[in-house]
Amino acid sequence: SRSNYWDHMDKHHAQKIMCGCTNIIFRNLAHRKHHIQVYHKKEKLGCDKCYFLCSTDAELAEHVQEKHVKKELEEKAKPSVICDICGQEMKSKNPAILKDHKARVHDPVLVQCTQCPGKYTAAGLKQHMRRCHSEGVCNICGIKVKQLIRHMNVMHGSVESSKYKCEYCTKVFHYKHQLKTHTMNVHLKERPYKCRYGCDMAYNDSSNRNAHERRRHGQRFTSAVLNKVAEE
């Protein structure tokens, strides 16, 4: 996508910028600016959790409280449900989200896609068709594309039409999960997906957390595991 392209180009540009330190590869320009200010120029104070820079201790304390401490507490306070089949944790007040998840991911009856070799649950097939086979002709540039909706968003979507704007840089996104991934990986450097067995490992992606649980603890954490521990 266009946003991924600029992330990629930022990394190339940042890697060409040298400083007196060794073994440093800047992830992007924000990383480089943060490093230069905090470790070399020392004109500003820098957050140790993201690339935020400011001039006073009060500003830094306010930033940490609002952007890190408060968000972490809010995330922990959110109600959640855990799929007893795959162990995926879903933050939601709506219990129907678990039913929707099972219908989309775990329905044993798979339907053959008429456009490709893939097989999906009935709910998953609808999502797959919308994402992968919405073929059409773009009315702006005139080319025929296989994913018209995505093409329109990525190639012709304006900043004003993008719903999700990054609060740390100028990038904008059409999808909430893209903004969340960008913010967590590029700016906050957070690892909110902690191992649910209680060890010290944490990840920035739930699938990596699930893989760790399978590899380290024998299986993904589910409500059945929780009940077994409670019985013991």
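Here, the structure is the one placed above.
Undergrad: Which residues make up the environment of His 212, and what values do they have?
TA: Note on placement: His 212 falls in helix 8 (residues 206-217). Its relative accessible area of 3% is what places His 212 among the buried residues.

Undergrad: I'd like a rundown of the side chain of His 128, residues and numbers included.
TA: Within the fold, His 128 resides in helix 5 (residues 122-132). A polar side-chain atom of His 128 sits 3.2 Å from a polar atom in the side chain of Tyr 120. Beyond its immediate sequence surroundings of up to four residues, His 128 is in contact with Cys 113, Cys 116, Tyr 120 and His 133.

Undergrad: Can you explain helix 5? Please cite residues and give values.
TA: Turning to helix 5, its buried residues number three or more, namely Gly 124, Leu 125 and His 128. For helix 5, the arc enclosing every buried residue in end-on projection is 100°, short of the 170-degree limit, so these residues lie on one face. Those residues of helix 5 that are buried lie in contact with helix 4 (96-105), strand 5 (111-112) and strand 6 (119-120).

Undergrad: Tell me about helix 7 (residues 176-188), and please be specific about residues and values.
TA: Among the residues of helix 7, Gln 178, Leu 179, His 182, Thr 183, Met 184, Val 186, His 187 and Leu 188 are the ones counted as buried. The first or second residue beyond helix 7 is Lys 189, which carries a positive phi of 55°.

Undergrad: I'd like to hear about the pattern of salt bridges, residue by residue, with values.
TA: Within this structure, the stated rule accounts for 4 salt bridges. We note a salt bridge from Glu 213 to Arg 196, for which the minimum N-O separation is 2.9 Å. Here the residue Glu 213 occupies a position in helix 8, and Arg 196 occupies one in the loop between strand 11 (193-194) and strand 12 (202-203), the gap between them amounting to 17 residues. In this structure, Glu 213 and Arg 196 share a single accessibility class: buried. Salt-bridge contacts for Glu 213 lead to Arg 209; the nearest nitrogen and oxygen are separated by 3.9 Å. Of this pair, Glu 213 and Arg 209 both sit in helix 8, 4 residues apart, which is roughly one turn of the helix. Looking at Glu 213, the relative accessible area reads 0%, which means it is buried. Classification of Arg 209 by relative accessible area gives buried; the value is 2%. By sharing partners, the salt bridges in this structure join Arg 196, Arg 209 and Glu 213 into a single network.

Undergrad: Can you lay out unusual backbone geometry for me, pointing to particular residues and giving the numbers?
TA: Phi is positive for Lys 42, close to 55°, though the residue is something other than glycine. Mapped onto the fold, Lys 42 is located in the loop between helix 2 (29-41) and strand 1 (45-46).

Undergrad: Got a sec to walk through the packing of aromatic side chains? Specific residues and values, please.
TA: The geometry of an aromatic ring pair comes down to the distance between the two centres and the angle between the two planes. This model, assessed by the stated rule, comprises 1 aromatic pair. Pairing Tyr 197 with Phe 221 gives two aromatic rings, centres 5.4 Å apart and planes at 90°, and the pair type is edge-to-face. Of this pair, Tyr 197 sits in the loop between strand 11 and strand 12 while Phe 221 sits in the loop between helix 8 and helix 9 (223-231), placing them 24 residues apart in sequence. We classify Tyr 197 as partly exposed; its relative accessible area is 28%.

Undergrad: I'd like a description of the state of the cysteines, backed by residues and values.
TA: Throughout the structure, instances matching the rule amount to 0 disulfides. Cys 54 takes part in no disulfide bond, and the closest cysteine sulfur to it belongs to Cys 47, at a distance of 8.5 Å. The buried category is assigned to Cys 54, whose relative accessible area is 4%. Cys 199 supplies the cysteine sulfur nearest to Cys 195, a cysteine that is in no disulfide, at a spacing of 3.5 Å.

Undergrad: Any chance you could break down the layout of surface pockets for me, citing the residues and the numbers?
TA: Here the largest pocket is characterised by a volume of approximately 2200 Å³. Glu 75, Lys 180, Met 184, Pro 192 and Tyr 193 are, among the 50 residues lining the largest pocket, the residues nearest its centre. For the lining of the largest pocket, the elements supplying multiple residues, two or more each, are helix 3 (57-77), strand 4 (89-91), helix 4, helix 5, strand 9 (164-165), helix 7, strand 11 and helix 8. Broken down by element, the residue count for the lining of the largest pocket peaks at 10 residues, all from helix 7. Across the lining of the largest pocket, the residue classes tally to 13 nonpolar, 12 polar and 25 charged.

Conventions adopted
- The residue count restarts for each chain, going from 1 along the sequence in the order it is written.
- Local features in this predicted model are restricted to residues whose pLDDT is 70 or higher, and side-chain atom pairs enter the listing and the counts only when it is 80 or higher, whereas totals over whole chains, interfaces and linings include all residues.
- Note that water and hydrogens are dropped before the side-chain values are worked out from all heavy atoms of the structure.
- Secondary structure follows DSSP: runs of H or I at least 4 residues long count as helices, runs of E at least 2 residues long count as strands, and numbering of each begins at the N terminus.
- Buried, partly exposed and exposed residues are distinguished by accessible area as a fraction of the type maximum, computed with a 1.4 Å probe on protein chains only: under 20%, between the cut-offs, and over 50%, respectively.
- Polar contacts here mean pairs of N or O atoms no more than 3.5 Å apart (in protein, one a potential hydrogen donor and the other a potential acceptor; neighbouring residues in sequence count only if both atoms are side-chain atoms).
- Two residues form a contact once any of their heavy atoms are found within 4.5 Å.
- Working definition: the arc comes from the directions between the helix axis and the C-beta atoms, pointing outward to the latter.
- Counted as salt bridges are all cases of a side-chain nitrogen of Lys or Arg within 4 Å of a carboxyl oxygen of Asp or Glu.
- Pairs were defined over the aromatic rings of Phe, Tyr and Trp, the Trp ring being its six-membered one, requiring ring centres within 6.5 Å. Orientation was assigned from the angle between planes: stacked under 30 degrees, edge-to-face over 60, tilted for the rest.
- By convention in this document, the label disulfide applies to cysteine sulfur atom pairs within 2.5 Å.
- Site definitions follow a grid-based scheme: protein atoms alone, a 1 Å grid, a 1.4 Å probe that fits but cannot get out for cavities, and for pockets an open set with protein on both sides within 12 Å along at least five of seven lines, plus lining residues having an atom within 4 Å of a point.
- Grid points are joined across faces, edges and corners, and a volume is the space filled by probe spheres set on the points.
- For this scheme, ten residues count as nonpolar: Ala, Val, Leu, Ile, Met, Phe, Trp, Tyr, Cys and Pro. Four count as charged, namely Asp, Glu, Lys and Arg, and the remainder, Gly too, count as polar.

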